[in-house]
Amino acid sequence: MATVIHDFHPQAFRRSLDLVVRERYEAPNLSEKEKEMPVNYKVADLKLADAGRLRIDWAESRMPVLMALREKGKKEQPLKGMRVAGCLHVTKETAVLIKTLVAAGAEVSWSGCNPLSTNDEVSAALAAEGTSIYAWHGLSVEEFYWCIERTLDFKPTLTLDDGADLIFNVHSKHPELAKTVIGGTEETTTGVHRLRAMAADGKLLYPVFAVNDSETKWDFDNVYGTGQSSLDGVLRATSILIAGKTVVVGGFGHCGRGVAERARGLGASVVATEIKPTQALKALLEGHRVLPMDQAAALGDVFVTATGMKDVLVGRHFDVMKDGAIICNTGHYDCEINLKDLEARTKSKRTIRPNNEEYTLKDGRRIYVLAQGRLVNLAAAEGHPSEVMDMSFSNQYLALCRLARDGKNLENKVYELPKELDQELALLKLGTMGVNIDKLTAEQIAYASDYSAGT
Ligand SMILES: NC(=O)c1ccc[n+]([C@@H]2O[C@H](COP(=O)([O-])OP(=O)(O)OC[C@H]3O[C@@H](n4cnc5c(N)ncnc54)[C@H](O)[C@@H]3O)[C@@H](O)[C@H]2O)c1
């Protein structure tokens, strides 16, 4: 077994790294001595690196805004001297972000933020290029936290989270590390909820940017990204015809709305469940049926939970589901579907297709669980398309640059990125798509602030 650096010295490590990794990559049959050499990564198989590089090249060709920021960052080096620990799904798009951080002068150490979302080809390509990365598909919960610990070995100055597991680890297990962390960023809704709760409790030890809450992230990534990729995950795991099916979407927030729209686009009739009256009303006025889950459970052919809340589907729902019902989740954690309740009703279980477990219940009905109740779009498909991650990760990159510049002057609070940045990023994105929009004339600008102008 290769050993892993625990006592981490970034500069010395950097010098030896390229050689070690290149040798390992080009000569995978390691000698005993080589096996004992310290390395700064743990991935499934370095031999997958070439395939991973192709995936990353493809993603780069679809992420023009982030690539433009990379070119600028190469010259200006806004992250020089920064050590970024990241805990975020290891996808081809994340690799584009990591390479952009490195180009801007940062040292990076990375782990995945979900046991099933790492793309092994991409993690191999990153390791082979010298990125410190601890991520492989299908790791256990213990290994998941071990990977996070390894990224903390290099004593980060910035942290980047998707779900707040890394930052929570710093706060709960290594509060001494927080003294040298300038700030952090958070990618997803559930992570922002956790961090706001920590801040409200006075427990947050450094400032954090809620990247999720930027308009160019939340209103695009969560809606169109989750919408398309969750259906992609359902299709890869089942290959069913969506047309004519009843798709029950748990939660009509950003993600739920996206899933509902894409399911309808493929010919499904959608039932939305909600706990918030305004969201339920929006679903209704969009033309979907709205029901409590207790009623929807008996109607659905496919269930997709997207709430960020636990126990959206529980035992009493499984008791009334149709034979053949398909259930999956696209919320951040795997607590939305109560699999313990399902297990308790199950007499046998088998994997019928990749990412698709058939549970045969004691009464003979079969229920199909996709991706073990974890994020179906990342575990059974490839996560969000690159085009939408272009904006999310441009926000991530700019938030880290801002923290590197100003973080020391910020309070230990959860901040949002400035609203003007959304307009700038959206304009850039439109430009890359060849779309022009109108500008206000001088007269219109004057009109906008003229309260005396009426009928
Ligand atoms: N799959 C992905 O790649 C992906 C991408 C972005 C966000 N997420 C995750 O998806 C989840 C939802 O994110 P969002 O941005 O849509 O949040 P959101 O706050 O916009 O929407 C969540 C909705 O769920 C509703 N809800 C809460 N509890 C419910 C319950 N028990 N039953 C029915 N509805 C309920 C809320 O009222 C809200 O309208 C979060 O966990 C987030 O981190 C996943």
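In this text, all values refer to a predicted model and were calculated from it rather than measured experimentally.

> Lay out the environment of Leu195 with the relevant residues and their values.
Following the sequence through the fold, Leu195 ends up in helix H9 (residues 189-200). Here Leu195 falls in the buried class, since its relative accessible area comes to 1%. As for Leu195 and Phe168, which are separated by 27 residues in sequence, their C-alpha atoms are 8.6 Å apart. Here Leu195 is in contact with Ala164, Ile167, Glu186, Leu204, Val208 and Val414, once residues within four sequence places are set aside.

> Can you lay out unusual backbone geometry for me, pointing to particular residues and giving the numbers?
Positive phi values are uncommon outside glycine, yet Ala164 reaches one of about 75°. Structurally, the position occupied by Ala164 is in the loop between strand S7 (158-161) and helix H8 (165-173). Looking at Ala164, the relative accessible area reads 1%, which means it is buried. Unlike most non-glycine residues, Gln372 shows phi in positive territory, near 55°.

> Any chance you could break down the sheet that holds strand S3 (residues 41-42) for me, citing the residues and the numbers?
Taken in spatial order, the 8 strands line up as S3-S6-S5-S4-S7-S8-S9-S18 in an open sheet, and their pairing is parallel. A strand with exactly one partner marks an edge of an open sheet, and here the two such strands are S3 and strand S18 (414-415). Relative to the sheet, helix H5 (residues 92-103) contacts strand S4 (83-87), strand S5 (107-111) and S7, its axis offset from that of S5 by approximately 160°.

> I'd like a rundown of the site of the ligand, residues and numbers included.
Around the ligand, a shell composed of 26 residues is seen, among which Thr188, Thr189, Thr190, His254 and Glu274 lie nearest. Measuring from an oxygen atom of the ligand, one finds a side-chain N or O atom of Thr190 at 2.5 Å. For the ligand, whose free accessible area comes to 860 Å², the fraction covered by protein is 88%. Those elements giving two or more residues to the shell around the ligand turn out to be H9, helix H11 (221-238), helix H12 (254-265) and helix H17 (376-379).

> Report on the pairing of strand S14 (residues 325-329), specifying residues and quantitative values.
Among the 5 residues that make up S14, 5 are buried, leaving the element largely enclosed by the rest of the structure. The alternating pattern of S14 places Ala325, Ile327 and Asn329 and Ile326 and Cys328 on opposite faces, both of which are buried. Sheet topology note: the strand S13 (residues 302-305)/S14 ladder contains 4 bridges and is parallel. Note that in S14 the partner of Val302 across the bridge is Ile326. Considered for its hand, the β-α-β crossover made up of S13, helix H15 (residues 315-320) and S14 is right-handed. Of the pairings in the sheet, the one linking S14 to strand S17 (residues 366-370) comprises 3 bridges and is parallel in character. When the bridges of S17 are listed, Ile326 appears paired with Tyr368.

> Any details on the nonpolar core? Residues and values, ideally.
Ranked by internal contacts, the top residues of the largest apolar core, which has 51 residues, are Leu79, Leu97, Leu101, Trp110, Ile133, Leu158 and Tyr397. Among the secondary structure elements, those contributing two or more residues to this core are helix H3 (49-61), helix H4 (64-76), H5, S5, helix H6 (120-128), S7, helix H18 (386-406) and helix H19 (419-432).

Calculation notes
- Residues numbered from 1 in each chain as written.
- Predicted model: local features only at pLDDT ≥ 70, side-chain atom pairs only at ≥ 80, totals over all residues.
- Heavy atoms only, no water.
- Helix = DSSP H or I, 4+ residues; strand = E, 2+ residues; numbered from the N terminus.
- Buried < 20%, exposed > 50% of the residue type's maximum accessible area, 1.4 Å probe, protein only.
- Contact = heavy atoms within 4.5 Å.
- Pairing = 2+ DSSP bridges.
- Axes fitted to C-alpha atoms, helices over the stretch in contact; angles between N-to-C directions.
- Near = heavy atom within 4 Å.
- Polar contact = N/O pair within 3.5 Å; in protein donor to acceptor, adjacent residues only side chain to side chain.
- Areas by Shrake-Rupley, 256 points an atom, 1.4 Å probe, with all protein chains shown as cover.
- Right-handed = clockwise from strand over helix to strand, strands pointing away.
- Core = buried A, V, L, I, M, F, W, Y, C linked by side-chain atoms within 4.5 Å.

That's the geometry; what it means functionally is another story.
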